[in-house]
Amino acid sequence: MGKVEQLVRANIMNGETIACAVPCHHLITAGVSNWAASALACALYAIHAEEEPLTCPSRRAFLDPDFEESVLRLCVECGAIVGILGQAVMSVDGFEWEAHRRQIVVTLCELMDSFVSTTSP
């Protein structure tokens, strides 16, 4: 958020304390960082699939609900705490995993698959 540091300092609760000073070329914001990362994965996949359709890896190389779930489960088993809840549970920033999976990850995967099926040679 260093690209908008002054706005964060002026308009966000505790902005003076939490504002990032490291700028970036392109700022991606989201209510949940996982959502921004997933959207970025989708964009990279779309670009690669369009530019190099014959060599583009499977969508699963970019975004895979099963892989995300296995990583989250391993984190929980190792005692990782969801900060907003203060518990080691299957959650993404306080959103129950199954709801997050169904509403965000699976929907993005469907969009990615649909995009590639309409742009493939």
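Bear in mind that the values here come from a model prediction, so they are computed numbers and not experimental data. (Residues numbered from 1 in each chain as written. Predicted model: local features only at pLDDT ≥ 70, side-chain atom pairs only at ≥ 80, totals over all residues. Heavy atoms only, no water.)

**Considerations on the packing of aromatic side chains**
To be explicit about the condition: Centre distance within 6.5 Å is the pairing criterion for rings of Phe, Tyr and Trp, where only the six-membered ring of Trp is used; planes under 30 degrees apart are then read as stacked, over 60 as edge-to-face, and the remainder as tilted. Helix and strand assignments follow DSSP, with helices taken as H or I runs no shorter than four residues and strands as E runs no shorter than two, numbered in order from the N terminus.
Applying the stated criterion to the full structure yields two aromatic pairs. For the pair Tyr45 and Phe62, a centre-to-centre distance of 5.1 Å together with 55° between the ring planes defines the contact as tilted. Residue Tyr45 is located in helix H3 (residues 33-51), and its partner Phe62 is located in the loop between H3 and helix H4 (65-77); the two are separated by 17 residues in the primary sequence.

**Brief notes about the environment of Leu85**
Counted only if it meets this: Here's how the labels work: a residue is buried when its accessible area is under 20% of the maximum for its type, exposed when over 50%, partly exposed in between, all with a 1.4 Å probe on protein chains only. Residue contacts follow a heavy-atom distance rule, with two residues in contact if any of their heavy atoms lie within 4.5 Å.
With respect to the secondary-structure elements, Leu85 resides in the loop between H4 and strand E1 (91-92). The partly exposed category is assigned to Leu85, whose relative accessible area is 39%. With 82 residues separating them along the chain, Leu85 and Lys3 place their C-alpha atoms 29 Å apart. When sequence neighbours within four positions are dropped, the list of residues in contact with Leu85 reads Ser91 and Gly94.

**Details of the confidence of the model for the chain**
Just so we agree on the cut-off: Per-residue confidence from the prediction method is given by pLDDT, with values spanning 0 to 100.
Per-residue confidence for the chain gives a mean pLDDT of 87, with 97% of residues at or over 70. Taken element by element, the predicted model of the chain shows its lowest mean pLDDT in helix H5 (residues 97-119) (83) and its highest in helix H1 (residues 5-11) (93).

**Overview of the pattern of salt bridges**
The condition is simple: Throughout this description, the term salt bridge denotes a Lys or Arg side-chain nitrogen within 4 Å of a carboxyl oxygen of Asp or Glu.
By the definition in use, this model includes seven salt bridges. Among the salt bridges present, the one from Arg60 reaches Asp64, with a minimum N-O distance of 2.5 Å. The class of Arg60 is partly exposed, set by a relative accessible area of 44%. Here the salt bridges share partners, and the residues they tie into one network are Arg60, Asp64, Asp66, Glu69, Arg73 and Arg101.

**A few points about H4**
The α-helix advances 3.6 residues per turn, and as a result positions three or four apart in sequence lie on the same side. Under the convention used in this document: The span one expects for a helix is its residue count, reduced by one, times 1.5 Å. What the arc measures is the spread of directions leading from the helix axis to the C-beta atoms.
For H4, with 13 residues, the first-to-last C-alpha span of 18 Å sits near the 18 Å given by 1.5 Å per residue. If you check which residues of H4 are buried, you get Pro65, Glu68, Glu69, Leu72 and Val76. Across the axial projection of H4, the buried residues extend over an arc of 95°, all falling on one side. Turned more than 90 degrees from where H4 packs its buried face, Phe67 and Glu77 sit exposed.

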